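# Coordinate inspection notes
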Amino acid sequence: MPTPPSVTLEIARLAQRPVFDNLFQLYTHDFSGFWAGLPRGDVDEQGLFPAYPHLDAYWQEEGRVPLLLRVEDKIAGFALLNQHGHAKAHVERNMAEFFILRKYRRGGIGTQAVNAIFEKYPGEWETAVARKNLAALAFWRRVISSHPRVRDLQEHDLSTAAWNGPVLSYRVSPVRP
Ligand SMILES: CC(C)(COP(=O)(O)OP(=O)(O)OC[C@H]1O[C@@H](n2cnc3c(N)ncnc32)[C@H](O)[C@@H]1OP(=O)(O)O)[C@@H](O)C(=O)NCCC(=O)NCCS
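A short tour of the structure in this document, coming up. (Residues numbered from 1 in each chain as written. Predicted model: local features only at pLDDT ≥ 70, side-chain atom pairs only at ≥ 80, totals over all residues.)

On to the overall build of the protein, then. Per the secondary structure count, the protein includes three helices and seven strands. Along the protein, from the amino end to the carboxyl end, the secondary structure elements read β-α-β-β-β-α-β-α-β-β. Relative to the globule expectation of 16 Å for 177 residues, the C-alpha radius of gyration of the protein, 16 Å, shows essentially globular dimensions. When the backbone C-alpha atoms are referred to their principal axes, the protein occupies close to 55 × 40 × 40 Å. The proportion of buried residues among the 177 residues of the protein is 26%. Within the protein, residue pairs in contact and separated by at least 24 positions form 60% of the contacts whose partners lie at least 6 positions apart. (Helix = DSSP H or I, 4+ residues; strand = E, 2+ residues; numbered from the N terminus. Rg over C-alpha atoms; globule rule 2.2 N^0.38 Å. Buried ≥ 20, exposed ≤ 12 C-beta atoms within 10 Å, placed from the backbone. Contact = placed C-beta atoms within 7 Å.)

See below:
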C-alpha cells in the first residue's frame, strides 16, 4: 500500500469557527444514519442540521482544543478535545468529536491524525463511541490498541442517560526526547 500523505494538526482560531459549523453539517449527516426512527437527525427548512451546541466553548474554556486536520494544505477533517470523561468524570483528554472527510477515508489519514494528536497531547485519555457506530469502534480499537505509547487500555460498556456505548480508557505516555 502506498504511504499516505502526511497529516498536520492546526489549532483553530476563533475566526475559523465557521469552518467547524460547515464541517459539522457533514459530520451530523454521517451520524444521522444511526437515528432512523428517532426525533433527532432532521434538517430544517433551509436544509441544515441544528448547529453543534458546544462549539463556542472551544474558544472560551481551558482544556478544550479545536483542531483542524490537514492533508497538505487541504482540510481533511477535525478533532475536538475536551476533558469530559464518561467512565470517569474528568480526564486529561477526551476525544469529544473526530471526523475525516469521505475523500480521505480508509487511507490511514485518521490513524495518522490520532498519532499526531497523541504525540502532542499525552496523558489520561477517553474515547467514547456511539453504540451503533461500529465502523468507528473498529477504527478506535485498532488505532488505540496498536499505538506504541498507549498503556492500561480498558473498554467499558456504558448504558446510562449520559452515554450509550463503549468507552475506551487509556493512558498515552509522552514521547521521550
Ligand atoms: C471512523 C473514521 C474517523 C476513520 O477514519 P479513516 O481515515 O478512514 O481511518 P483509517 O484509514 O486510518 O483506518 C484505520 C483502520 O481502522 C479501521 N476502520 C476504519 N474505518 C472503518 C470502517 N468504515 N469499517 C471498519 N473498520 C474501519 C480499519 O481497521 C482501518 O484499517 P484498514 O483500512 O487497513 O482496514 C472516519 O470513517 C470518520 O470520520 N467517520 C465518520 C465520523 C465518525 O464516526 N467519527 C468517530 C466518532 S467516535
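Let's pick the thread back up.
Let us now look at the environment of V91. Within the fold, V91 resides in strand β4 (residues 90-100). According to the C-beta neighbour criterion, V91 is buried, with 22 such atoms within 10 Å. It is 22 Å that separates the C-alpha atoms of V91 and A12, two residues lying 79 residues apart in sequence. In contact with V91, other than residues within four places in its own chain, are Q83, G85, E124, W125 and E126.

In this section: the nonpolar core. Judged by nonpolar contacts, the single largest core of 34 residues is most densely connected at L69, A76, F78, A79, I109 and A113. Beyond its immediate stretch of four places on either side in the chain, A76 contacts V7, L69, R70, V71, I100, L101, Y104 and I109. (Core = buried A, V, L, I, M, F, W, Y, C linked by C-beta atoms within 7 Å.)

We now examine the sheet that holds strand β1 (residues 7-11). Judged by pairing direction, the sheet is mixed, and its seven strands sit side by side in the order β1-β2-β3-β4-β5-β7-β6 without closing on themselves. The open sheet is flanked by β1 and β6 (150-159), the only strands paired with a single partner. Going across the sheet, the axis of each strand differs from the next one's by a mean of 25°, ignoring polarity. The sheet contact formed by β1 and strand β2 (residues 65-71) spans five bridges and is antiparallel. The partner of T8 across the bridge, within β2, is R70. Lying on the sheet, helix α2 (residues 109-120) is in contact with β1, β2, β3 (74-84), β4 and β7 (164-172); it crosses β1 at an angle near 50°. Its contacts with the sheet put helix α3 (residues 134-145) on β5 (123-128), β6 and β7, and the angle it makes with β7 is roughly 15°. (Pairing = 2+ DSSP bridges. Axes fitted to C-alpha atoms, helices over the stretch in contact; angles between N-to-C directions.)

Right, let's get into the site of the ligand. In the neighbourhood of the ligand, 20 residues make up the surrounding shell, with R105, G110, T111, A135 and A138 lying closest. When residues of the shell around the ligand are traced back to their parent elements, those giving at least two are α1 (17-32), β4, α2 and α3. In terms of residues, the shell around the ligand owes the most to one element, α3, which gives five residues. For the shell around the ligand, a count of residues per class yields 11 nonpolar, five polar and four charged. (Near = placed C-beta within 6 Å. Nonpolar A, V, L, I, M, F, W, Y, C, P; charged D, E, K, R; others polar.)

Moving on: the pairing of β6. Remember that side chains alternate between the two faces of the sheet whenever the strand is regular. Buried residues are scarce in β6, accounting for zero of its 10 residues. Pairing of β6 with β7 involves eight bridges; the strand directions are antiparallel. Looking across to β7, one finds that S159 is bridged to N164. The turn joining β6 and β7, which pair antiparallel and follow one another in sequence, is formed by four residues.

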